[in-house]
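Close look at the chain arrangement
Okay, here's what each chain looks like letter by letter:
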Amino acid sequence: MAELEGLEFGKSDFVLLDEVTMEQFMENLKLRFGKGRIYTYIGEVVVSVNPYRQMDIYGKDSIEAYRGRELHENPPHLYAVSDAAYKDMKRRAKDTCIVISGESGAGKTEASKYIMQYIAAITDPSQRTEVESVKNVLLKSNCVLEAFGNAKTNRNDNSSRFGKYMDINFNFNGDPTGGHINNYLLEKVRLLYGGSNVMLESLHLQNNPALYVYTREGAATSYKDRSNHKAVMSALEVIGFSTEEINSVYQVLASILLLGNIEFERNGESVQIIGLEAVTHIAELTATDPESICKSLLYRTVATGGGDVIKKGHTKEDAWFGRDAFAKALYERLFGWIVSRINSIIEVKDYNPLLHGKNTVIGVLDIYGFEIFDNNSFEQFCINYCNEKLQQLFIELILLQEQREYQREGITWQHIDYFNNNIIVDLMEQPHKGIISILDEACLTVGRVTDTVCLESMNTKLSQHPHYTSRKLNPTDKSMDFQKHFRVRHYAGDVTYSVEGFLDKNKDLLFQDFKRLMYNSANPVLKDMWPDGKLSITEVTKRPLTAASLFKNSIVALVDKLGCKEPYYVRCIKPNEMKSSVLFDDARCQHQVAYLGLLENVMVRRAGFAYRQPYARFLQRYKMTCEYTWPNHLMASDRDAVEAIVNQHGFQDDVAYGLTKLFVRAPQCLFTLEQERADLIPILVLFLQKVWRGALARRRCRRMRAAFAIMGFYKLYKVKSHFWAVAASFANVRTMADYGRNVEWPRPPAVLFRFHHITKTLWWARQVVKNIPPSDMLEVRAKVAALTVLIGKRKDWGPSRAWERDYLSNVRDYPESSSSFIRMSKDLKNKDEYSQVLFSCLCRKVNRFNKSTDRGLLVTDKYVYKLEPKKQYKVLKRFPLDSITGISVTAGTDQMVALHVSSQDDILLHLHRGELFPDQDRVGELLGVMVDHFTRSFDTTVEKCYRS
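Just so we're clear, the structure is a prediction, and the values are computed from it rather than from any experiment.

Turning our eyes to something else, we now look at the overall build of the protein. Counting secondary structure elements, the protein contains 30 helices and 26 strands. Relative to the globule expectation of 30 Å for 948 residues, the C-alpha radius of gyration of the protein, 49 Å, shows a markedly less compact shape. For the C-alpha atoms alone, the extent of the protein along its principal axes is close to 150 × 80 × 65 Å. Of all intrachain contacts in the protein linking residues separated by at least 6 positions in sequence, the fraction that spans at least 24 positions is 63%. For the protein, the accessible surface area stands at approximately 48,400 Å², while carbon and sulfur atoms represent 53% of it. Positive and negative side-chain charges of the protein, numbering 125 and 114 respectively, have mean locations separated by a distance of 9 Å.

To continue, consider the sheet that holds strand E2 (residues 45-49). Strand order in the open sheet made by the seven strands is E1-E2-E16-E3-E12-E6-E7, with mixed pairing throughout. Of all strands in the sheet, those with a lone pairing partner are strand E1 (39-42) and strand E7 (176-184), marking the two edges. Taking the axes of each pair of neighbouring strands and ignoring which way they run, one obtains an average angle of 20° across the sheet. In this structure, strand E6 (residues 163-170) lies alongside E7, joined through eight bridges in antiparallel fashion. Opposite Asp-167, over in E7, you have His-180 as the bridge partner. In the packing of helix H4 (residues 108-122) onto the sheet, the strands contacted are strand E3 (96-101), E6, strand E12 (360-366) and strand E16 (566-573), and the crossing angle to E12 comes to about 155°. Along the sheet, helix H5 (residues 129-149) makes contact with E6 and E7, crossing E7 at roughly 20°.

This part covers the UniProt feature "binding site: ATP" (unreviewed entry) in the protein. The feature "binding site: ATP" (unreviewed entry), as annotated in UniProt, sits at Gly-102, Glu-103, Ser-104, Gly-105, Ala-106, Gly-107, Lys-108 and Thr-109 in this numbering. Mapped onto the elements of the fold, Gly-105 is located in the loop between E3 and H4.

Turning next to the nonpolar core. Among the nonpolar cores identified, the biggest contains 98 residues, and Phe-148, Ile-262, Ile-338 and Val-570 are the most heavily contacted of them. Of the residues forming this core, the biggest block, 13 residues, is contributed by helix H12 (residues 316-346). One finds Val-45, Leu-503, Leu-596 and Val-602 within the second-largest nonpolar core, a separate group that totals 71 residues.

On to the sheet that holds strand E14 (residues 485-490). Strand pairing within a sheet occurs via backbone hydrogen bonds; the two strands may be parallel or antiparallel. On the basis of which strands lie adjacent, the open sheet formed by three strands has the order E13-E14-E15 and antiparallel pairing. Looking at the sheet topology across the chains shown, the edges are occupied by strand E13 (468-470) and strand E15 (493-498). On average, each strand axis in the sheet is tilted by 25° relative to the strand beside it, whichever way the strands run. Both E13 and E14 contribute to a ladder of three bridges, which runs antiparallel.

Moving on, we come to the pattern of salt bridges. Under the defined criterion, the tally for this structure stands at 32 salt bridges. Between Asp-83 and Lys-87 there is a salt bridge, with its nearest N and O atoms 3.4 Å apart. Pair noted here: Asp-83 and Lys-87 are both in helix H3 (residues 78-92), with a separation of four residues, about one helical turn. Note on Lys-87: relative accessible area 11%, which makes it buried.

So, about the environment of Gly-313. Checked against the element boundaries, Gly-313 lands in strand E11 (residues 309-313). Those residues within four positions of Gly-313 in sequence are excluded, and the remaining contacts are Leu-298 and Tyr-299.

Attention now goes to a nonpolar patch on the surface. Together, Met-578, Val-582 and Leu-583 make up a nonpolar patch on the protein surface, roughly 340 Å² of accessible area in all. Its place among the elements puts Met-578 in the loop between E16 and helix H22 (586-595).

Between H12 and helix H19 (residues 512-519), the shortest axis-to-axis distance is 10 Å and the interhelical angle comes to 45°. Accordingly, the angle class assigned to the pair H12 and H19 is oblique. Crossing of H12 against H19: the hand is right-handed. For the pair H12 and H19, the contacting residues are Gly-322, Phe-326, Leu-330 and Arg-333 in the first and Phe-514, Lys-515, Leu-517 and Met-518 in the second. Taken together, the residues of the contact of H12 with H19 break down into five nonpolar, one polar and two charged.

Before going further, it helps to examine the pairing of strand E9 (residues 270-274). With five bridges joining them, strand E8 (residues 263-267) and E9 adopt antiparallel strand pairing. Bridge pairing in E9 places Arg-266 opposite Val-271. Taking the residues that link successive antiparallel strands as the turn, the E8-E9 hairpin has two residues, and the phi of Gly-268 there is positive, at about 75°.

This brings us to the packing of aromatic side chains. On inspection of all chains with the given rule, the structure shows 25 aromatic pairs. An aromatic cluster of at least three residues, connected via ring pairs, comprises Phe-378, Phe-381, Tyr-468, Phe-486, Tyr-497 and Phe-502. Seen from the ring of Phe-9, Arg-37 lies directly overhead, with NZ or CZ sitting 3.7 Å from the centre. Sitting over the face of the ring of Trp-530, Arg-333 holds its NZ or CZ atom 4.2 Å from the ring centroid.

Quick look at the side chain of Ser-248 now. Turning to its location among the elements, Ser-248 is positioned in helix H9 (residues 243-260). Here Ser-248 falls in the buried class, since its relative accessible area comes to 4%. Residues in contact with Ser-248, not counting those within four places in the same chain, are Asn-523 and Val-525.

Glancing now at the packing of helix H28 (residues 777-790) against helix H30 (residues 923-947). Direction vectors running N to C along H28 and H30 enclose 100°, while the axes themselves pass 7 Å from each other. In terms of axis orientation, H28 runs roughly perpendicular to H30. On the side of H28, the interface is formed by Leu-778, Arg-781, Ala-782, Ala-785, Ala-786, Val-789 and Leu-790, while H30 contributes Gly-924, Leu-927, Gly-928, Val-929, Val-931, Asp-932 and Arg-936. In the contact of H28 with H30, the residues fall into nine nonpolar, two polar and three charged.

Turning to the state of the cysteines, a few remarks are in order. Inspection of every chain in the model, using the stated rule, returns zero disulfides. Left unpaired, Cys-572 is separated from the closest cysteine sulfur, that of Cys-589, by 13 Å. Taking relative accessible area as the criterion, Cys-572 reaches 0% and is therefore assigned buried. On the basis of relative accessible area, Cys-589 is assigned to the buried category, the value being 0%.

Attention now goes to the environment of Lys-783. Checked against the element boundaries, Lys-783 lands in helix H28. Counting along the chain gives 145 residues from Lys-783 to Gly-928, while the straight-line C-alpha distance between them is 5.7 Å. Not counting chain neighbours up to four residues away, the residues in contact with Lys-783 comprise Trp-797, Pro-799, Arg-801 and Trp-803.

Positive charge collects at one region of the surface, where Arg-698, Arg-699, Arg-700, Arg-702 and Arg-703 lie side by side. The residue Arg-700 is located in helix H26 (residues 667-729) in this model.

This brings us to unusual backbone geometry. Unusually for a residue other than glycine, Glu-833 sits at a positive phi of about 60°. Residue position: Glu-833 is located in the loop between helix H29 (818-832) and strand E20 (837-846). Classification of Glu-833 as exposed rests on a relative accessible area of 56%. Here the phi dihedral of Tyr-873 falls at roughly 55°; this positive angle occurs in a residue that is not glycine. With respect to the helices and strands, Tyr-873 occurs in the loop between strand E22 (863-868) and strand E23 (874-880).

About the criteria used
Residues numbered from 1 in each chain as written. Predicted model: local features only at pLDDT ≥ 70, side-chain atom pairs only at ≥ 80, totals over all residues. Heavy atoms only, no water. Helix = DSSP H or I, 4+ residues; strand = E, 2+ residues; numbered from the N terminus. Rg over C-alpha atoms; globule rule 2.2 N^0.38 Å. Contact = heavy atoms within 4.5 Å. Areas by Shrake-Rupley, 256 points an atom, 1.4 Å probe, with all protein chains shown as cover. Lys, Arg positive; Asp, Glu negative; His and termini not counted. Charge placed at Lys NZ, Arg CZ, Asp CG, Glu CD. Pairing = 2+ DSSP bridges. Axes fitted to C-alpha atoms, helices over the stretch in contact; angles between N-to-C directions. UniProt positions renumbered as here; feature names shortened; annotations may be inferred. Core = buried A, V, L, I, M, F, W, Y, C linked by side-chain atoms within 4.5 Å. Buried < 20%, exposed > 50% of the residue type's maximum accessible area, 1.4 Å probe, protein only. Salt bridge = Lys/Arg side-chain N within 4 Å of Asp/Glu carboxyl O. Patch = residues over 30% accessible without salt bridge, like charges linked within 9 Å, V, L, I, M, F, W, Y side chains within 5 Å. Parallel < 35°, antiparallel > 145°, perpendicular 65-115°, else oblique. Left-handed = near helix turned anticlockwise from the far one by under 90°. Nonpolar A, V, L, I, M, F, W, Y, C, P; charged D, E, K, R; others polar. Phe/Tyr/Trp six-rings, centres within 6.5 Å; stacked < 30°, edge-to-face > 60°. Lys NZ or Arg CZ within 6 Å of the ring centre and 35° of its normal. Disulfide = S-S within 2.5 Å.

Printed below as a string of structure tokens:
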């Protein structure tokens, strides 16, 4: 188990607080933020505080620490909830989702990127090409969508101006096979920072955002915008966008910037464009006709009731609105096309569940947070509506669903009051009465309906609603203006909206002329973005849905999609408005904790249970941990079997038994069971493998025994036949002069080839050796030993002559001194108790100064002696025979010998050849005698050890 956090870092799970109060909650949150612990649990919910700095907790080591671990085994982390969602999906084959929520600037986008990176890192350990390609596209899509869908605001450097929900598809192995991205509401974004001069020139742009109306207000750039431009280009290529498609993307962006600089003026009763250079550039970039662009900007084609088509000239104001609507639509269509193009690359194609197993999904939702600005308009209204719907889902799935399940299962627990925001959701979306319905009704009304008239309608219909007010309904509230502001009391706080521009932003102000203009473009990418431009003016009869209705429908579909998945939550908190890594604004954070319902969430977890599972599934998963339930239980019901498991592990006080489910209060109990199960699984697998392998082995053994029996009888027959042939061939060799050396051996069977070769050699050697007298065997063994070590190394080593060994005792060689040596050797034999003389002769000793003197050499089975021949062979030096570590000789015919001693006091000698035979080589004799002696001594020692 990985090392957990100490008490100095506060409580890693708010459920463990001593008392569930706002004061203790905030104290623990602030302590952990100050200690650099930005993540805290509420059961399975992760509370994340934006650190506003780089944290060293997202590398490969951290990923390995959380891979395959249980949720509460390591300190709180995004990786833990990501791994839990992945394991839940893989174990239960059930779709899961991770909902990241919080206000703007709380760190939701960064959290979604870390979750994606973790899932990519822990999947596909075999590094298969097709899976790695899918992972790369999923990761790179974040970079592209951020570049086109995020913006720098006063509250956030990388604020999401769109919502993103990504489904990641997995096969039965848990490897990603594809995905799908949905986006919700697009607002203004960054445009073309970081482009090269050559690129900007080809797009008829200059590297100065202040020159363009649409970028003038946010003209300040940052180093990140410029440095990330290459990353975006690279990501587009990795995803699979062609060069032509990438060029088309930037051509559309350039067209939007140039479109914003087009100005209009009155010319009598008509309107005309001031300067046509921008129009010419736009026509070139969009592959359209300049004249058609001018007509679309200045006129509107209308179909009359009788089927006639007329052109209505715009007023100057209508031309401005039309231009801006066209620019906004260009960007929205571009962003939508980018998302659909990514989807076409990553979506799972031709998936067959029968062949590939069930396809499961992990959804990741990263959507804009709750927004309260000084001036809140239609965009903030839509964003806050989305957050109300997500809060409603959170309440239903985490709070309300929790209580209802306990009641349904008959579990007794303390009821917890919480704020249900259904009343606010109804205020915004209820048919015929909600704000969205009132806006749509105003947009559909024939005649001139202004924002003020729409506000009056809301005041009339919503005057009694407790979460709605305006200056007319509350005249004493001077923070709002008459005929301009209305206020909604959201779950996150009161938000005052300015009604100005609501109707224009809600209507579809894009004239059909612009749609047909883009559809008729020679650029296939642009044509693909505008499929609705295919219809002629007489075919377009149905009024399109308003922006609010489209957005409401997409959010309802999103909530339905999330509701059918197993949810995991990341609740993000913004610590301060200064983007400081050390400042913790207590009031600001407490407000977020309150409207996110985190304290209620803690109360539910404290009063309730962290884990629940139907008895059958719990038993199926953990039955191997109890001797009474493995492999199958004999009890009355699964509930009794589950109770046996719980009692064996001592969890009686931490569980409750429902009608159909077991409820576990502490996550640590579940971790204990999971750990024991993980330890037992390899044992069970080995047991099953052992049984199956045993069956296979026994069947194989029976077959092999039958085969070996047949082979054994056949081999026995072949061996006997060979031996009979050998016996017949060598029946009379004892009477032959060469002992049968020239007799041809019968060809043996393959099994006896090696045996035949050894037998043939040993047999001939035996025929030769058995005729050697026992008195000569000592000399033969010495010569064999010398041959073994000198063959191929010394040309002449005396094998052809008789080896006398003890030359100093030989009267023939040394008639004058032999008697003296014999007397001396008898005295030494009595004194040192050696058994035999191995070698003796006269020699000449050479010292380190290259001086030589005559000496006698005596080698016995115990000692080596250096003698003085001139003093009746007086012993000058003696050292044990076993102290000799080696002998060195030359490859020539000289008689030089070096005796290496363990004391490193080596002796260099030149052996005398003898007076009668001056060509004798005694080096081979000395070497053979000593090698034979050491070999026989070693064999005797081994035999004694073996016997003992």
